[in-house]
Amino acid sequence: MKNAKEVRISLFLTLVHVCYAQADYAPHFFDNGPSSGNGNMALFSLSEDTPAGTQIYVLNGTDPENDPVRFGMAFEKGSKEFFKVEPKSGNVTLVEELDREKQDEIEVLVSITDGRNKVEEKVRVFVTDANDERPEFQNLPFVVDVPEDAEPGSSIYRVSAVDRDIGSGGSVTYYLQVNPMNKFAIDGHSGVLRIKAGEALDYETTRTFFVTVAAKDGGGKYNGRYQVMTSSATVTINVMDTQDTPPTFIGTPYFGYVYEVSVPGSEIFTVYAKDGDQTNPNPIYYSIVSGNDDVFSINSTSGCVTLLTYPVNLKKELFELRIKASELGEGGELMDSAVTTLAIRVEDLNNHPPTFYGENGPQSKFELTMYEHPTEGEILRGLKITVNDSDQGANAKFNLRLVGPSRVLRVVPQTVLNEAQVTVIVENSAAIDYEKHQFLTFKLLAVEIDTLERFSATADIIIHLLDTNDNTPKFSSDFYIARIPENSPGGSNVVAVTATDPDSGLWGEVKYSIHGSGADLFIIHSTSGIIYTQPWATLDAELRSKYNFYVKAEDIEGKYSLAEVFVTVLDLNDHPPEFHENFVEKTMVIGAPVKIEAIDEDAEEPNNVIEYSIMKADPDNIFDINGDTGEIKLKPYIKSMDIVQNITKQKECTWSLVVQARDRGSPSFSTTTVVKIDITEATQLKGPMAAFLMQSRDNPLKALGVVAGIIGTMVVVTVLISTAMFMRNTKSNRIVPARRVIRRRPKDRRPWTFNMPFKRWGNPSDKFLIEDPSGNGDNMNENNNVRRPPPPPPCAPSALLPPPTKPKPGEWQREVPTISGAVASKTAKKSCRKKESEVSSALVSELKMRLEQKMMESNQGYY
């Protein structure tokens, strides 16, 4: 019971499975026919010129259950896979190039599947033709042998070409490429090659023809364009010879000669002829047709013409023989023939070459001795030469030529018939030079002109030259440059000059001499050319460093040449630098340098180039010096007198330093000097005048010009004022009474003089004191500390100058103030300047007062 129940369950499951299986249907392709671009590719056709990579078809199908389908493509094992399909879309792409001529159909296994069921179909794809093949000629190369007597219009060959395309692209037609010399034609359909009508072949004219045959197809499309394919081949046509051409003489025209030494049987000339048909030539038979006169004969086989008698028996000088050449047939019969002419001339034999003769017979060497540089056009009469050729007529005609140095001599005559006297003429006198060649060698050449033998003869001409004094001594250089140190002793060697005279003997000896204003200190050896300084000469580069003079080279007959000599005296470092004084005093304004200068009397650098340096300074490390210019200046940090006074405790701002001047010569010399420097501070100027002075500091001439202009302006203004005052006084005199009272001056009054108004005090700070002119100290008052003296007589004041005194070393020198009261001292301190200003004001006040008294006294004389 249990087993029956299991069987029923099993049958039920089987039934369910069968039902379910019957409900799942397989997919299938659409069959849209061969003209459609989608479906199952059955009977699909594709042109062979389709490019690889082109989509050519779409596989199309469906599944009854509308399940998605995928496509596949397979090829037989070992075959090329031309197509590839995209599984989802079914797009088929060409992946390999097609060639119908190799494979015209392709079997493909296409498949469609829904994932459970797969359907495969085997289809054929046909490859259609495109016009991609050229016609190909068969049985190449084309070589044809045609006899030259072939009839015009006859067929000689058939060419064949095959085109593997089908349809119109596979049809072939023929034609010949255009050639004006072409003697052939071709049938366009069959390819049969023929000789053109009216044309004939000739082996003797053209033995080979090269004919180009072209084959073209009927045309067709390729890659979308219509094209016609062509190819070509060359047909070689060899023309075969036949017996149709007469013999031909080779080497015409013919000329022969009979000479005076000829004998009967002598060969005069050999003619030669050959059959025009060279492939199978016939033998030639020779015979004399006319012009023989029984004095010549010819060999019928070789064509050799011989003499039958002696030349003396010949009655004519020219014979013209007509000679016939005939072909011999196989039976000995005479066939085609040709005739030519042989001209035979009876001539003298050229058996004597030209010969040179001297005074004693035949001679091949002629010698002559003469002086160099003869006159151009002169005949060398010492050469007696005769030339002769014993032959007759053209055989005795020859040319004369002189072979040797070009254009030196020429020979006359240049063309000779039988015999002539040879004349040699000078053409280039300068080339006949003893110094270049002591002898000249020429060859006299005689060569026949119109003969075959071209006999010739030569003779040597040797000319021995004698020297003359035709050259001037010549220096090796147009100028000589010499250098000599300035300390060289007298008799020192300066330079050697050299002159040569190529003449021989005494004419070639040279003597030297020296000339010119610069030659006083020099002498020259007359034979060696060595220039020395005079024994007493002293050369000093500082006095004169350049000398130039001339040297003269002269031969025994007075021919001479000159050269210039330049002598430079080399400077030596024999002078040390020198300062103008061993002790120099300078006043330095703070901020401005002072300059010292030394002079080195040496003439050249570096001997006279001076370098300055500070050897010692007190105090130290205060000054800097410019080594090239000698300018001394304070260190940059010293900018005022306060800093100076902080450095030294001395009241007098005077410092000393030792400066060395050293030259750059070798050995180097130096000298020193003591420089005493007063340091002061520049007065601070303001306004446009100060600006102008600062601008004119580096151009003193400009400042001097401005000062001169100001002075001139002041003079003009003074003249104008004086003129105006004079005119006013003149008008005043016309108004007042003309009567005046004139008082006489007292005789016992002491003249008004100025004593030295300053007295040196012991204290340096109180430099000046005003002294009473009367000698009484009581004249001082409270106003100006000066008592007014009685009015002096009207006389010009005279300033008393201090007696000149020689300053002691190290003493502080001050300038004496002038009558204006200005103090010229530049070394006072600030406190000193204040007192000097008060003294100056007092002096000016005193002078002003005295001038007013003088004017009052003068005015009292008018009344």
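Refer to the preceding data block for the structure.
Note that the coordinates shown come from a computational prediction; the quantities given were computed from them, not determined experimentally.

Caption draft 1: A look at the overall build of the protein. Along the protein, the regular secondary structure elements total five helices and 58 strands. Across the 863 residues in the protein, those meeting the buried criterion constitute 34%. Contacts spanning at least 24 positions in sequence make up 65% of the contacts within the protein whose residues lie at least 6 apart. Total accessible area on the protein is roughly 53100 Å²; 53% of this is exposed by carbon and sulfur atoms.

Caption draft 2: Representation of the pairing of strand E40 (residues 456-466) within the structure. Across seven bridges, the pairing between strand E33 (residues 365-371) and E40 is parallel. For Phe366, the partnering residue across the bridge sits in E40 and is Ile461. Of the strand pairs in this sheet, strand E39 (residues 439-448) and E40 are connected by nine bridges, and their pairing is antiparallel. The residue bridging Leu445 from the neighbouring strand is Thr458, located in E40.

Caption draft 3: How the structure looks around the pairing of strand E8 (residues 91-94). Residues of E8 alternate between two faces, with Val92 and Leu94 buried on one and Asn91 and Thr93 left unburied on the opposite face. Bridge count for strand E7 (residues 83-85) against E8 is three bridges, and the pairing is antiparallel. Its bridge partner lying in E8, Val85 is registered against Val92. The turn joining E7 and E8, which pair antiparallel and follow one another in sequence, is formed by five residues; a positive phi near 80° is taken by Gly90.

Caption draft 4: Representation of the nonpolar core in the model. Of all hydrophobic cores here, the largest spans 30 residues; its most connected members are Phe356 and Leu409. By residue number, the principal contributor to this core is E40, which donates five residues. Core analysis: the second largest hydrophobic core is formed by 26 residues, Ala499, Val510, Val551 and Val565 among them.

Caption draft 5: Broad picture of the pattern of salt bridges. The full count for this structure, using the stated rule, is 18 salt bridges. In this structure, Asp460 engages Lys443 in a salt bridge whose closest nitrogen and oxygen atoms are separated by 2.6 Å. Of this pair, Asp460 sits in strand E40 while Lys443 sits in strand E39, placing them 17 residues apart in sequence. Note that Lys552 and Glu554 form a salt bridge whose closest N and O atoms lie 3.9 Å from each other. Since its relative accessible area comes to 18%, Lys552 is described here as buried. Here Glu554 falls in the partly exposed class, since its relative accessible area comes to 29%.

Caption draft 6: Expanded view of the sheet that holds strand E58 (residues 670-680). Spatially, four strands are ordered E51-E58-E57-E54 in an open sheet, and the strand pairing comes out mixed. Edge positions in the open sheet fall to strand E51 (583-589) and strand E54 (610-618), since each of these has one partner strand only. Looking at each pair of strands side by side, their axes are set apart by 30° on average, direction ignored. Bridge analysis of strand E57 (residues 654-663) against E58 gives nine bridges, and the strand direction is antiparallel.

Caption draft 7: Focus on the sheet that holds strand E26 (residues 284-290). In space, the four strands of this open sheet follow the order E23-E30-E29-E26, with mixed pairing throughout. The open sheet has two edge strands with one neighbour each: strand E23 (254-259) and E26. Neighbour-to-neighbour, the strand axes of the sheet open up by a mean angle of 30°, direction not taken into account. As judged from the six bridges shared by E23 and strand E30 (residues 334-347), these two strands associate in the parallel manner. Within E30, the position partnered with Gly256 by the bridge is Ile344.

Caption draft 8: Region of interest: the packing of aromatic side chains. Considering all chains together, one arrives at 15 aromatic pairs under this definition. Taking the centre distance of 5.3 Å and the plane angle of 75° together, the rings of Phe296 and Phe319 count as edge-to-face. Remark: Phe319 occurs in strand E29 (residues 318-328) and Phe296 occurs in strand E27 (residues 296-298); sequence separation between them is 23 residues. Classification of Phe319 as buried rests on a relative accessible area of 3%. Their ring planes at 50° and their centres at 6.3 Å tell us that Phe475 and Tyr512 sit as a pair that is tilted. Within this pair, whereas Phe475 is found in strand E41 (residues 474-475), its partner Tyr512 is found in strand E45 (residues 511-515), the two being separated by 37 residues in sequence. Among the aromatic residues, those joined into a ring-pair cluster are Phe137, Phe142 and Tyr157. The ring of Tyr560 carries the charged tip of Lys552 above its face, separated from the ring centre by 4.4 Å.

Rules and cut-offs
Residues numbered from 1 in each chain as written. Predicted model: local features only at pLDDT ≥ 70, side-chain atom pairs only at ≥ 80, totals over all residues. Heavy atoms only, no water. Helix = DSSP H or I, 4+ residues; strand = E, 2+ residues; numbered from the N terminus. Buried < 20%, exposed > 50% of the residue type's maximum accessible area, 1.4 Å probe, protein only. Contact = heavy atoms within 4.5 Å. Areas by Shrake-Rupley, 256 points an atom, 1.4 Å probe, with all protein chains shown as cover. Pairing = 2+ DSSP bridges. Core = buried A, V, L, I, M, F, W, Y, C linked by side-chain atoms within 4.5 Å. Salt bridge = Lys/Arg side-chain N within 4 Å of Asp/Glu carboxyl O. Axes fitted to C-alpha atoms, helices over the stretch in contact; angles between N-to-C directions. Phe/Tyr/Trp six-rings, centres within 6.5 Å; stacked < 30°, edge-to-face > 60°. Lys NZ or Arg CZ within 6 Å of the ring centre and 35° of its normal.

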